[in-house]
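Coordinate analysis (summary)
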Number of protein chains: 2
Amino acid sequence: MRSLHLRSVAVVGVAMTKFDKHPDRSVEDLARQAVVGALRDAGVEKTGVEAAYVGHLYQGEVLGQRILRGLGFPPIPVLNVENACASGSSALREAWIAVGAGLYDVALVVGAEKMRKGLLQFVDRDLEVAMGNTAPAQYALAGRRHMEEFGTSREQFAQISVKNHRHGCLNPHAQYQTACTLEEVLSSRLIADPLTLLQCCPAGSGAAAVVVATDAVARRLTTLPVWIRAAALRPWMSYFAPTDLTSFGATAVTARDAYAMAGVGPEDLDVVELHDAFTVGELLHCEGLGLCAKGEGGRLVAEGATELAGRIPVNPSGGLLAKGHPLGATGVAQVVELVWHLRGQAGARQVPGARVGLAHSQGGTGLEAGACTVTILGR
Amino acid sequence: MRSLHLRSVAVVGVAMTKFDKHPDRSVEDLARQAVVGALRDAGVEKTGVEAAYVGHLYQGEVLGQRILRGLGFPPIPVLNVENACASGSSALREAWIAVGAGLYDVALVVGAEKMRKGLLQFVDRDLEVAMGNTAPAQYALAGRRHMEEFGTSREQFAQISVKNHRHGCLNPHAQYQTACTLEEVLSSRLIADPLTLLQCCPAGSGAAAVVVATDAVARRLTTLPVWIRAAALRPWMSYFAPTDLTSFGATAVTARDAYAMAGVGPEDLDVVELHDAFTVGELLHCEGLGLCAKGEGGRLVAEGATELAGRIPVNPSGGLLAKGHPLGATGVAQVVELVWHLRGQAGARQVPGARVGLAHSQGGTGLEAGACTVTILGR
C-alpha cells in the first residue's frame, strides 16, 4: 500500500478510563467518559467532530451510535470496526485514512469493551482451539520452542511480567498497580508451561478515545501535535510462520510495512507499546518488531533494555499484563499512552525525550484468522 | 464531508449467491462463492486484490479473515465492519475511501450473513423494543400516521409487496420467486396493522461481493466500468424526525449528502434499490429519497411509477421483500443489482438504458441508534 497521497494527520486529543472490572458501569458509560476526556484534551466541541470510528468485539450492534447519541452528538457518520484484539487500532487506521484522504478534518476514534464471563466466544469456533490449543497454549508452545532453540529461560519470560507490573505501578490507569517479584511470577499457578498465571493478562473493562485532525487543524489546536506516521494492517499470516514456531508471522511483516511507510527503523524508536497478552508474546514481538535479533529476546529482557530506563522501553503503561486488556479498548489505549510520552505528559513513567513511538496489536481466533496492526507516531 | 480529494473508483466485478435459507451451508462457504464470482467477473486474481472490507452483523470475530484464508488469499489488510443493516454498504464505503485515497488500486468488498433463530439480538437491548416497539411495530406506526395525514391506503402499501414479488419472479437470486396478488397480501396474517405477513421481509442467508478499482485499473479490466459517484453515511437521526412520524429522518439527510457529492438529483436516477424491510419503509424511503413529494408515496405506487416499466423503477431485484434480507449481505447485493442494470446485464428485469442508480440501506436497534447509507453509481 501507498500512503503518499494522504495528508498529514495528527492525534490532538487523548483520554482513557482506568482499566478495571467496572462491574457497575456499562460500556457506553465507560466509552463516553473517554470521549468527553479526549474532546476536552483536544479542545474540540462535539460539533467539531465530523466522523467517528469505533472498535470493539462483543458489545453488540451499532455501539458507536449508542455511545454518541447519549452524548448528544450531531448525526455524523459512525462506523463500527471489528478486527479481534486489533479492533481499536483498526478503527484508528480507518480514521487516519479518511482524514488523510481529505474527507474530514477532525475525527473521533473510540475503543471500548465491557468484559463478562463467557465473552471469548471464539474458543469454541476453531477446531484446534476446541481441542485445547487455546491462546495460552499457543503462546506456551512458542515459548517452549524458543527455550529449546535459543536457550531462553523461564526466568527471562517471567522477568517481562515483573517489568510490566513495575511499570503498571506508575500508571494510574492500570488495572493492577502492584509490583511482583520474579519468585511470585514463577510460583503462581501454572497455566500452560512455561506460562504461569502472572504471565497472562487479566480480564477487564475500559475505554479509550483519541481525536485525530488534519495538519492545519492540529496546528491551530495544539502546540504538541503527535503525528501518525504510519498505520499498517495485516491479517492472519498464521500465529506461527510455517517453518518457525518461534515467530508470530504477522508482526514482522506488519512492522516492515509500517517502518517503510514512516521512513524509520526499529533503531529510531524511543518507546514501544506492544501486545503482551502473555509474556511469551512480548518476547516474540520484540524480535518481530526488530528491537533485537531473532533469538535474542531473552537477552534483551535480561539486560533490562526494555525497562523504563533501558535502551528501548517496552510497555511503560504496564502493558496488557498490568494495565489490563479490554479487547477493543487496548489498541486505542496504546496510542493514548504513546501520545502522553511524546508530549512529555506520562508522569512518573515518562520516557525522557521520547520522539518516536510504536504501537503493536494483534489478535484472532485459533491459529490462522486474525489481525495485526503497527502504528508509528512521531512528534 | 468532501470527496473532491478522492480518485475515481469503479466497481469492476460483482457476484452474489442466491438468497435463501441455506440450512446446510456455512457463512464462509456462502461468502467464498460470492468472492470467487466477483473476482471472476472482474478478471482479477486473488493476488491482484490489495485489501478487503467485510460487512456483517452476527457472524463472529474476524469473519473476513476466515473467509479469505480458506480461499488461499495472500495476507492483505482485512477489515470487518458493522453498521446494522447498512453493514455491507458501510464496508463498500470504506473500500471506496481507501481506493479513492490512493492506498490501494484494487479492493474487495464482501457482505454476508447466515441467519438463524434468535439472531436479532438487539430486540432485547432497547427498552422501547423490549416493551413491544419492535421494527414492524415502528414501521406500522409510521404507516398508520401516513394513512391519517395523507390518505394513503392499505392497498397502496400492499401494492408495494405485489410489485416487489413480481420483480422477484424475474430474479434467479431471489429467495422468493413467486407472485402474489393484492388480495393475498392483504389477507395474509396481520403482523402490526397495517402490515401483514407478506409486507415484511423474510429471514434468509446469503452473500454478495464486489471488486472496486481505481480509474486506471478499471479501464484496463473492463469496457463497462460502473463508477461510485457517491457513498454517504449517517447515523441514527432517529427513525422518525422529532416532529414527524411519517419520515425516517436519516434517509433524506443521507440522500442529500449523496446527491451533492454525485452532482445529481432524484430526477437523474434510472433505477433504485432501497431498504424495503417492510412495505411502509419503501413508501417512506421513496419520499425521503425525493422520488416524489412528501405525502405522495401512495400515489407514486398506485400510478405504477416504481414498477419495472415505470418512471423510476424501485427494487427491480425484488427488494428485501422478495429477494430476501441477509442483513450484512443486503447493502452489497443492492450494489450488485445496480451494476447489472448499469451494464445492461440484468436479464428479464433489466431497466432499459439505465445510466444512474441509487442504493439505500438503513438499520439499527430501537428507535435511535442505527445507520443509513446512500450510494450512487453511474456508468
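Residues numbered from 1 in each chain as written. Chains lettered and ligands numbered in written order. Predicted model: local features only at pLDDT ≥ 70, side-chain atom pairs only at ≥ 80, totals over all residues. Heavy atoms only, no water.

Counting secondary structure elements, chain A contains 13 helices and 13 strands. For 379 residues, the compact-globule formula gives about 21 Å, and the C-alpha radius of gyration of chain A, at 19 Å, lands near that figure. Taken along the three principal axes of its C-alpha coordinates, chain A extends 55 × 40 × 40 Å. Long-range pairs, those at least 24 residues apart, make up 77% of the contacts in chain A with a sequence separation of at least 6. Taken as a whole, chain A presents about 12100 Å² of accessible surface, with 52% of it coming from carbon and sulfur. Put simply, chain A has 34 plus and 36 minus side-chain charges, and the middle of one group is 5 Å from the middle of the other. (Helix = DSSP H or I, 4+ residues; strand = E, 2+ residues; numbered from the N terminus. Rg over C-alpha atoms; globule rule 2.2 N^0.38 Å. Contact = heavy atoms within 4.5 Å. Areas by Shrake-Rupley, 256 points an atom, 1.4 Å probe, with all protein chains shown as cover. Lys, Arg positive; Asp, Glu negative; His and termini not counted. Charge placed at Lys NZ, Arg CZ, Asp CG, Glu CD.)

Here we come to helix H13 (residues 327-343) of chain B. Residues and elements named next belong to chain B. An ideal rise of 1.5 Å per residue puts 24 Å on 17 residues; H13 measures up with 26 Å between its terminal C-alpha atoms. In terms of residue burial, H13 counts as a mostly covered element, since 17 of its 17 residues are buried. A positive phi of about 75 degrees marks Gly 344, the residue just after H13. (Expected span 1.5 Å × (residues − 1). Buried < 20%, exposed > 50% of the residue type's maximum accessible area, 1.4 Å probe, protein only.)

As a further point, take the interface of chain A and chain B. The interface of chain A with chain B comprises 54 residues on the first partner and 54 residues on the second. Looking only at chain A, the three residues that lose the most surface to chain B are Glu61(A), Leu103(A) and Trp236(A), adding up to 16% of its buried area. Joining chain A to chain B, the criterion identifies 0 salt bridges. Summed over the shared surface of chain A and chain B, the number is 18 residue pairs in polar contact (both at pLDDT 80 or more). Those elements that place two or more of their residues in the side of chain A that touches chain B are helix H2 (63-70), strand S3 (78-82), helix H3 (87-100), strand S8 (226-235) and strand S13 (369-378) of chain A. (Buried area = accessible area lost by both parts, 1.4 Å probe. Salt bridge = Lys/Arg side-chain N within 4 Å of Asp/Glu carboxyl O. Polar contact = N/O pair within 3.5 Å; in protein donor to acceptor, adjacent residues only side chain to side chain.)

All names here are of chain A. One can find Thr 375 in strand S13. For Thr 375, a relative accessible area of 2% puts it in the buried group. Ignoring any residue separated from it by four or fewer positions in sequence, one finds Thr 375 in contact with Leu 92, Ile 228, Ala 230, Ala 231, Gly 357, Leu 358 and Ala 359.

We now examine helix H9 (residues 249-262) of chain B. Residue and element names in this part refer to chain B. Look at H9: 21 Å from first C-alpha to last across 14 residues, which is about the 20 Å you get at 1.5 Å a residue. The buried fraction of H9 amounts to 11 of the 14 residues, a majority that puts the element mostly inside the structure. What H9 keeps buried is the set Gly 249, Ala 250, Thr 251, Val 253, Thr 254, Ala 255, Asp 257, Ala 258, Tyr 259, Met 261 and Ala 262. The first or second residue beyond H9 is Gly 263, which carries a positive phi of 70 degrees.

Turning our eyes to something else, we now look at the nonpolar core. Within the largest apolar cluster, 134 residues are counted, with the highest numbers of intra-cluster contacts made by Val210(A), Val212(A), Ile376(A), Val210(B), Val212(B) and Ile376(B). Excluding anything up to four places from it in sequence, Val212(B) contacts Val9(B), Ala10(B), Val11(B), Leu92(B), Ala95(B), Val99(B), Asp105(B), Val106(B), Ala107(B) and Ile228(B). (Core = buried A, V, L, I, M, F, W, Y, C linked by side-chain atoms within 4.5 Å.)

A few words now on the environment of Gly151(B). Residue and element names in this part refer to chain B. Mapping Gly 151 onto the fold places it in the loop between helix H5 (135-150) and helix H6 (154-168). Since its relative accessible area comes to 56%, Gly 151 is described here as exposed. Residues Gly 151 and Arg 66 lie 85 residues apart in sequence; the distance between their C-alpha atoms is 50 Å. Residues in contact with Gly 151, not counting those within four places in the same chain, are His 146 and Gln 156.

Turning to the relation of the copies chain A and chain B, a few remarks are in order. Both copies of the chain are related by one operation, a rotation about an axis with a shift along it. Of the transformation superimposing chain A on chain B, the axial component is 0.0 Å and the angular component is 180 degrees, with the fit at an RMSD of 0.0 Å. The transformation relating the two chain copies, once decomposed into turn and shift, fits a two-fold axis. When the interface residues of chain A are mapped onto chain B, 100% of them are again interface residues, pointing to one common binding face. (Least-squares fit on C-alpha atoms with pLDDT ≥ 70 in both.)

Moving on to the side chain of His167(B). Residues and elements named next belong to chain B. One can find His 167 in helix H6. His 167 sits in the buried class, given a relative accessible area of 2%. Within polar-contact distance, the side chain of His 167 engages the backbone oxygen of Asn 315 at 2.8 Å. Discounting residues that sit within four places of it in the chain, His 167 has contacts with Thr 306, Glu 307, Leu 308, Val 314, Asn 315, Pro 316 and Gly 318.

This part covers unusual backbone geometry. Glycine aside, a negative phi is what most residues show, and trans is what most peptide bonds show. At the junction of Asp193(A) and Pro194(A), the peptide bond is cis and its omega measures out at 10 degrees in the coordinates. Positionally, Pro194(A) belongs in the loop between strand S5 (190-192) and strand S6 (195-196). Unusually for a residue other than glycine, Asn315(A) sits at a positive phi of about 55 degrees. Looking at the element boundaries, Asn315(A) is found in the loop between helix H11 (297-302) and helix H12 (319-322). The phi dihedral of His22(B) falls on the positive side, at around 45 degrees, and the residue is not glycine.

This part takes up the environment of Arg311(B). Residues and elements named next belong to chain B. Mapping Arg 311 onto the fold places it in the loop between helix H11 (297-302) and helix H12 (319-322). Separated by 44 residues in sequence, Arg 311 and Glu 267 place their C-alpha atoms 9.9 Å apart. In contact with Arg 311, other than residues within four places in its own chain, are Leu 291, Leu 300 and Ala 305. A polar side-chain atom of Arg 311 sits 3.1 Å from the main-chain carbonyl oxygen of Leu 291.

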